[in-house]
Amino acid sequence: MRTDIFDFDLPEDRIALYPAEPRDRARMLTVAPGEVPEFHDAVVSDLATILRPGDAIVFNDTRVIPAALEGRRVRGASSAKVAFNLLRRTGADRWRAFARPAKRLVVGDRVAFQGPADGDGTLLSATISERGEAGEVELVFELSGGALDRAINEIGAMPLPPYIALKRAVSDADRASYQTLFAARDGAVAAPTAGLHFTPELVAALDERGVARHTVTLHVGAGTFLPVKAEDTRDHTMHTEWAELGAETAAALADVRLRGGRVVAVGTTVLRTLEAAVAARGGFAAWSGETSIFITPGYRFRAVDVLMTNFHLPRSTLFMLVSAFSGIETMKAAYSHAIANGYRFYSYGDACLLFPEGNCD
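Within each chain, residues carry numbers counting from 1 in the order of the written sequence. Side-chain atom pairs in this predicted model are given and counted only at pLDDT of 80 or more, local residue features only at pLDDT of at least 70, and totals for whole chains, interfaces and linings cover all residues. Excluding hydrogens and water, the side-chain values take into account all heavy atoms of the structure.

Visitor: Tell me about the nonpolar core, and please be specific about residues and values.
Guide: Counting residues in each nonpolar core, the largest one holds 63 residues, and the members touching the most others are Tyr178, Leu271, Leu274, Phe284 and Phe345. Apart from the residues lying within four places of it in its own chain, the contact partners of phenylalanine 345 are Phe8, Leu10, Arg14, Ile15, Ala16, Phe311, His312, Tyr335, Ala338 and Ile339. Among the nonpolar cores identified, the runner-up in size contains 25 residues, and Ala67, Leu87, Leu124 and Ile128 belong to it. Side-chain atoms within 4.5 Å link the members of a nonpolar core, which is a set of buried Ala, Val, Leu, Ile, Met, Phe, Trp, Tyr and Cys residues. Relative accessibility thresholds used throughout: buried, under 20% of the residue-type maximum; exposed, over 50%; partly exposed, between the two (1.4 Å probe, protein chains only). A contact between two residues is defined here by any heavy atoms of the two lying within 4.5 Å.

Visitor: Outline the sheet that holds strand β2 (residues 38-43), listing residues and values.
Guide: The strands that make up a sheet are held in pairs by hydrogen bonds between backbone atoms, and each pair lies either parallel or antiparallel. One bridge is not enough; two strands pair if DSSP finds at least two bridges between them. Numbering of helices and strands runs from the N terminus, with a helix taken as a DSSP run of H or I at least four residues long and a strand as a DSSP run of E at least two residues long. A sheet is described by the order of its strands in space; here 9 strands give the open sequence β2-β1-β17-β16-β14-β3-β12-β13-β15, paired in mixed fashion. Sheet topology places β2 and β15 (287-291) at the edges, where each strand pairs with a single neighbour. Between one strand and the next, the sheet's axes are offset by a mean angle of 25 degrees, whatever the strand orientation. Where strand β13 (residues 241-245) meets β15, 5 bridges bridge the pair, whose relative direction is antiparallel. Note on geometry: axes are C-alpha line fits, over the in-contact stretch for helices, and angles between N-to-C directions span 0 to 180 degrees.

Visitor: Give a detailed account of the environment of serine 326, specifying residues and quantitative values.
Guide: As for its position among the elements, serine 326 is in helix α8 (residues 317-326). Ignoring sequence-local partners within four residues, the contact set of serine 326 consists of Pro33, Met331, Leu354, Phe355 and Glu357.

Visitor: Report on the sheet that holds strand β10 (residues 136-141), specifying residues and quantitative values.
Guide: If you walk around this closed barrel you meet the 6 strands as β5-β6-β7-β10-β9-β8, and the pairing is antiparallel. The sheet shows a mean angle of 45 degrees between the axes of neighbouring strands, direction not considered. Across the sheet, helix α2 (residues 145-155) is in contact with β5 (68-75), β6 (78-91), β7 (94-100), β8 (110-113), β9 (124-131) and β10; its angle to β6 comes to roughly 125 degrees.

Visitor: Let's hear about empty space enclosed by the protein: which residues, and what values?
Guide: The rule is simple: put a 1 Å grid over the protein atoms alone, call a set of points where a 1.4 Å probe fits but cannot get out a cavity, call an open set with protein on both sides within 12 Å along at least five of seven lines a pocket, and count a residue as lining if it has an atom within 4 Å of a point. Grid points are joined across faces, edges and corners, and a volume is the space filled by probe spheres set on the points. By the definition in use, this model includes 2 cavities of 30 Å³ or more. Taken as a whole, the largest cavity holds about 330 Å³ of empty space. Of all the secondary structure elements, the ones that give two or more residues to the lining of the largest cavity are α7 (268-281), β16 (306-310) and α8. The leading source of residues in the lining of the largest cavity is α7, at 3 residues.

Visitor: An account of α8 is needed here, citing residue identities and associated values.
Guide: Buried residues dominate α8, accounting for 10 of its 10 residues. Listed as buried for α8 are Thr317, Leu318, Phe319, Met320, Leu321, Val322, Ser323, Ala324, Phe325 and Ser326. For α8, the secondary structure elements touched by its buried residues are α7, β16, α9 (328-340) and β17 (351-354).

These figures come from the coordinates and say nothing about function on their own.
In structure tokens form, the structure reads like this:
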């Protein structure tokens, strides 16, 4: 399928740099496919009246680590500023990372960061052990395990996506704003942004409505922001992320389906976890592992009945996913409606609540 099918024009002023306050006052476009798609302008707090008693809503409980680090490359008597976004832990003392500018680095370079002091008065340090493609390197730190985790937590900044970070400085407020209520398991280097819209008040309203709440885990990787450069979707290599569907959640979702309730995924990360798990197990059952599931139009959904998500980038794997769920023409029309009506896009932007085109089992 041609990638340019998923292109659209997005004005720069539609990109949200800060979240709505309170979070559940963000706007939410409901999208119902059909011969004539139906769009309804709502707010996130309306979710408690839109969902039905007996439905189950599923959140991603991953926690974003402060994965943006700034340091100095030290080579003999010379040094230069360099920044990193941690991508993936590969050992107790090592991380894969994007480096900026990567051209300043060679294997063997030492990088000094601010943080807990080591023996020579430098605070936290690492060595470049590998250089990959497109600015990717491997960092081997002089700390490991929990000590390294604590150091990164102290010196790092929240890894806001580039379309925000290039337009404003990361602030202390982002440590709370770029984290969901459900964050419990460290490991993400990007937020599951649909979950950012939820407040304690909305959660209480969902409970009162009789909507069950469950969690899965997918540690979101920075690859979620990478554009699709291939001209054909078949030539795109999807990034890999670790995910888990626990036995208790799996059993509860299977029961919801048996009773006629709907499984509502909060975010594409939840949808991808559930679809990967059901594909691997043949139904709702405990599963964990790496997933690189790439969902494009023509995919038959087996695990998810309703999807709440944010508005995504043109030509992105996420816009391809929502086009598969609700139909590409429906989603193009929905995004045109959103742009014309002032909806805010991307991580700190507004939400949409999507119903399926009819391609679900």
